[in-house]
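Here's the letter readout for the chains.
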2 protein chains.
Amino acid sequence: MQRITGVLAPVVTPFNADLAPDPIRLLSHCRWLLSHNVGLAVFGTNSEGNSLSVEEKIDLLDYLVTNGVSPARMMPGTGCSALLDSVRLTAHAVKLGCAGVLMLPPFYYKAVSDEGLFRSFAEVIERVGDSRLRIYLYNIPPVSQVAITIALIERLLKAYPGIIAGAKDSSGDWENTRAYLDNFGDQGFDVFPGSESFLLQGLRHGGAGCISATANANPESIARLFATWQTSDAEAQQLRLDKVRGIFASYPMIPALKAAIAHYSGNESWTTVRPPLVELTKEQMTALVSELDRAGFRMAGLIA
Amino acid sequence: MQRITGVLAPVVTPFNADLAPDPIRLLSHCRWLLSHNVGLAVFGTNSEGNSLSVEEKIDLLDYLVTNGVSPARMMPGTGCSALLDSVRLTAHAVKLGCAGVLMLPPFYYKAVSDEGLFRSFAEVIERVGDSRLRIYLYNIPPVSQVAITIALIERLLKAYPGIIAGAKDSSGDWENTRAYLDNFGDQGFDVFPGSESFLLQGLRHGGAGCISATANANPESIARLFATWQTSDAEAQQLRLDKVRGIFASYPMIPALKAAIAHYSGNESWTTVRPPLVELTKEQMTALVSELDRAGFRMAGLIA
């Protein structure tokens, strides 16, 4: 199967008033993203993926695939803190034919060693035991507090070539992303910066695209830069992307993305987040939308 | 039901070579702890509780209770990062008649607000919907990275008096433990320092006992100080406890506890930990045991 590349969104998860996930709105949002050539990294950090149980995630995955979403466009997050949870969810994603999985290291214990992390990933790989598995290592130390080091990647690539397919780097540190690219870019290891702020820079250094929260709200423009990064317009496009990103990033990201979708789709249910997150205040929502409007931002074709 | 107090151990979880939990050795270790008047905070941080799935924890709880372990002596850890996991595990513990549950806040997202944490605990309480529920809030910022503030406890106590029964404070900061005691000690809020290093100091300020990793290895002496803290010997006892604690704390705690149990029980299987943790090296084990022996440390009556 061809490797998944390009722009992916850690798809935000819509909840009903009782905090149950709403598969219908999720499907609709996924279709909208796909229509703009944005792939689906469901159950990422911005999906509130770790606020969902394994059962909820399996049910949602099944619902999407049953309803025609192509698993070849999906890279679900499957790294949990408990070993068997990661194994179960990863095996299910592979069985459904997902292009890959985005795997957090176990994230409860801190200051763990590369040896311990190597064993964690190795256990999942051995137990899933399927050559179709493609793992994208998820480096997001600001949240997980557990980093994926160069030495760990080196060891994993050597032990599981082909299976270890790449990484999402949400360190927010270009030097780290560049070190991933410089060290492993020529070994079939696809590096996705965790924000479109690094999309052009990443592509110029051999990056595979990006997996970015704001692709939930601004998919068309981000995907356009990916498609046209070698044109003379690329720098100007990147600046415009940075402007929109900057607006969202000045609010708590997940509630802000949901507030924007709620506003532009006209469906207020979208504002709901699961605890421990909290939705934006009315004042924040008004300010966000006003900033977005002033920047000429639109979300065309959204279905409530 | 009478409140659980005294000394509790976050019971270490024995694993077989295939990393499956071994219920038989767990039962044996629980019985040994109970025989020394140490209660059972199974599925705590030192139990590798967050490396176990909800199913594994439910199965182990059922096994212990079915085999005669009194739920009145149990305070299982039930706080997970996913809402429904916390609800399911907590409801099960209440159904079994456990004296209380030790509840971590959701621990994936960082820099969350007290409002978000209040909603998290409130959702679990409302969904479990059982007046027998007794929640001990688990403050362990060095690991969870999510603190239980005074303001949060105040609000929870007001909304759920009786249900919010106390806290384990593993901040390692006596000033924080003391603030819990000073603010809420007279409101039926039982405070357990997270280490026996603060046992005597805690009891002198109205603490309820302690919940400490090293109670897995040194239960008799720690329980003795709890029973005799008002005698003239208390300070000398505390110094002896600190000495043993200091030895364990100079190694990675969980592997060190398991290494000691393996050595003194003669069952090497006890050394096994789940990734991302790593067992002690042979050299570390030898050094640990030699230090413990020199300090006159023993674990009498352990069953392999």
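Remember, it's a predicted structure, so these values are computed and weren't measured experimentally.

Novice: It is not clear to me how the interface of chain A and chain B should be interpreted in this structure. Could you clarify?
Specialist: When the parts of a complex come together, some accessible area is lost, and that lost area is often used as the size of the interface. Across the boundary between the two partners, chain A contributes 46 residues, which contact 46 residues of chain B. Around 3,400 Å² of area is buried between chain A and chain B when both sides are counted, 59% of it from carbon and sulfur atoms. Of all residues in chain A, A:Tyr108, A:Tyr109 and A:Pro276 give up the largest surface area on contact with chain B, accounting jointly for 24% of the area buried on that side. Notably, a salt bridge pairs B:Arg119 with A:Glu279, separated by 2.9 Å at the nearest N-O pair. Seen at the junction of chain A and chain B, the total is 16 residue pairs in polar contact (both at pLDDT 80 or more). Secondary structure elements with two or more residues in the side of chain A that touches chain B: helix 2 (54-66), helix 3 (83-96), helix 4 (114-128) and helix 5 (141-144) of chain A.

Novice: What is the right way to look at the packing of helix 10 (residues 234-249) of chain B against helix 11 (residues 253-265) of chain B in this model?
Specialist: The axes of two packed helices give the description: the angle between them and the distance between them. Residue and element names in this part refer to chain B. At a minimum axis separation of 9 Å, helix 10 and helix 11 run at an interaxial angle of 110°. Regarding the angle of helix 10 to helix 11, the classification is roughly perpendicular. Counting all contacts with helix 10, which are made through Arg-245, Phe-248 and Ala-249, the residues of helix 11 involved are Met-253, Ala-256, Leu-257 and Ala-260. Counted by class, the contact of helix 10 with helix 11 contains six nonpolar, no polar and one charged residues.

Novice: Can you walk me through the sheet that holds strand 7 (residues 209-211) of chain B in this structure?
Specialist: Two pairing modes exist for strands in a sheet, parallel and antiparallel, and in both the strands are linked by backbone hydrogen bonds. All names here are of chain B. Spatial strand order, 2-1-7: three strands in an open sheet with parallel pairing. A strand with exactly one partner marks an edge of an open sheet, and here the two such strands are strand 2 (38-40) and strand 7. If you compare each strand with its neighbour and ignore which way they point, the axes differ by 25° on average. As defined by bridge partners, strand 1 (residues 6-9) adjoins strand 7 across three bridges and the pair is classed as parallel. Note that in strand 7 the partner of Gly-6 across the bridge is Gly-209. Across the sheet, helix 1 (residues 23-35) lies against strand 1 and strand 2, angled at about 145° from strand 2, the strand it touches most. The strands that helix 9 (residues 219-228) touches are strand 1, strand 2 and strand 7; relative to strand 1, the one it contacts most, it runs at about 155°.

Novice: Can you help me understand helix 10 (residues 234-249) of chain A in this one?
Specialist: Residues and elements named next belong to chain A. For helix 10, spanning 16 residues, the distance from its first C-alpha to its last is 22 Å, which sits close to the expected 22 Å at 1.5 Å a residue. Buried within helix 10 we find Ala-234, Gln-237, Gln-238, Leu-241, Val-244, Arg-245, Ile-247 and Phe-248. Where helix 10 is buried, its residues contact helix 8 (199-204), helix 9 (219-228), helix 11 (253-265) and helix 12 (282-294).

Novice: Quick question: what am I supposed to make of helix 11 of chain B here?
Specialist: The α-helix winds at 3.6 residues per turn, so residues separated by three or four positions along the chain end up facing the same way. All names here are of chain B. Between its first and last C-alpha, helix 11 extends 18 Å over 13 residues, near the 18 Å set by a 1.5 Å rise per residue. With respect to burial, helix 11 is a largely interior element, 12 of its 13 residues being buried. Here helix 11 has its buried residues at Met-253, Ile-254, Pro-255, Ala-256, Leu-257, Lys-258, Ala-259, Ala-260, Ile-261, Ala-262, Tyr-264 and Ser-265. Looking at the packing, one finds that the buried side of helix 11 touches helix 1, helix 10 and helix 12 (282-294).

Novice: Where do I start with the relation of the copies chain A and chain B in this structure?
Specialist: Between the two chain copies there is a screw-like relation: a rotation about an axis and a shift along it. Note on the copies: chain A fits chain B at an RMSD of 0.0 Å, the axial shift is 0.0 Å, and the rotation between them is 180°. When the rotation and shift are considered jointly, the pair of chain copies conforms to a two-fold rotation axis. Minimal C-alpha separation from the rotation axis in chain A is found for A:Tyr108, amounting to 3.9 Å.

Novice: Even after reading the chapter, I still don't get the packing of helix 2 (residues 54-66) of chain B against helix 3 (residues 83-96) of chain B, so can you show me in this structure?
Specialist: Residue and element names in this part refer to chain B. Remark: helix 2 packs on helix 3, axes separated minimally by 10 Å, with the N-to-C direction vectors making an angle of 5°. Comparing their axes, helix 3 and helix 2 come out roughly parallel. Residues Val-54, Glu-55, Lys-57, Ile-58, Leu-61, Asp-62 and Val-65 of helix 2 touch helix 3, and the partners they reach there are Asp-85, Arg-88, Leu-89, His-92, Ala-93 and Leu-96.

Novice: Would you mind showing me how to read the confidence of the model for chain A here?
Specialist: If pLDDT is low for a region, its predicted coordinates should not be looked at in detail. In the predicted model, chain A carries a mean pLDDT of 97, and the fraction of residues at 70 or more is 99%. Prediction confidence for the complex, expressed as pTM and ipTM, is 0.97 and 0.96 respectively.

Novice: Please clarify how the packing of aromatic side chains should be interpreted in this entry.
Specialist: What describes a pair of aromatic rings is the distance from one ring centre to the other and the angle between the planes of the rings. Enumeration according to the criterion identifies 17 aromatic pairs over all chains in this entry. Consider the rings of A:Tyr136 and A:Phe192, whose centres lie 5.8 Å apart with planes at 75°: the pair is edge-to-face. Of the two residues, A:Tyr136 sits in strand 4 (residues 135-139) while A:Phe192 sits in strand 6 (residues 190-193), which places them 56 residues apart along the sequence. Taken together, A:Phe107, A:Tyr108, A:Tyr109, B:Phe107, B:Tyr108 and B:Tyr109 form an aromatic cluster joined through their ring pairs.

Novice: Explanation requested: the state of the cysteines in the structure shown.
Specialist: A covalent bond between the sulfur atoms of two cysteines is what we call a disulfide. Residue and element names in this part refer to chain A. Within the structure shown, the criterion is met by zero disulfides over all chains. Cys-30 supplies the cysteine sulfur nearest to Cys-210, a cysteine that is in no disulfide, at a spacing of 17 Å. Residue Cys-210 is classed as buried on the basis of its relative accessible area of 0%.

Novice: Would you explain the pairing of strand 6 of chain A in this entry?
Specialist: The two faces of a sheet get side chains in turn, since along a regular strand they alternate between them. Burial of strand 6 of chain A is two-sided: the residues A:Asp190 and A:Phe192 facing one way and the residues A:Val191 and A:Pro193 facing the other way are all buried. Read as a crossover between parallel neighbours, the route from strand 5 (residues 164-169) of chain A over helix 7 (residues 174-184) of chain A to strand 6 of chain A is right-handed.

The rules behind each value
- Residues numbered from 1 in each chain as written.
- Chains lettered and ligands numbered in written order.
- Predicted model: local features only at pLDDT ≥ 70, side-chain atom pairs only at ≥ 80, totals over all residues.
- Heavy atoms only, no water.
- Contact = heavy atoms within 4.5 Å.
- Buried area = accessible area lost by both parts, 1.4 Å probe.
- Salt bridge = Lys/Arg side-chain N within 4 Å of Asp/Glu carboxyl O.
- Polar contact = N/O pair within 3.5 Å; in protein donor to acceptor, adjacent residues only side chain to side chain.
- Helix = DSSP H or I, 4+ residues; strand = E, 2+ residues; numbered from the N terminus.
- Axes fitted to C-alpha atoms, helices over the stretch in contact; angles between N-to-C directions.
- Parallel < 35°, antiparallel > 145°, perpendicular 65-115°, else oblique.
- Nonpolar A, V, L, I, M, F, W, Y, C, P; charged D, E, K, R; others polar.
- Pairing = 2+ DSSP bridges.
- Expected span 1.5 Å × (residues − 1).
- Buried < 20%, exposed > 50% of the residue type's maximum accessible area, 1.4 Å probe, protein only.
- Least-squares fit on C-alpha atoms with pLDDT ≥ 70 in both.
- pLDDT = per-residue confidence, 0-100.
- Phe/Tyr/Trp six-rings, centres within 6.5 Å; stacked < 30°, edge-to-face > 60°.
- Disulfide = S-S within 2.5 Å.
- Right-handed = clockwise from strand over helix to strand, strands pointing away.

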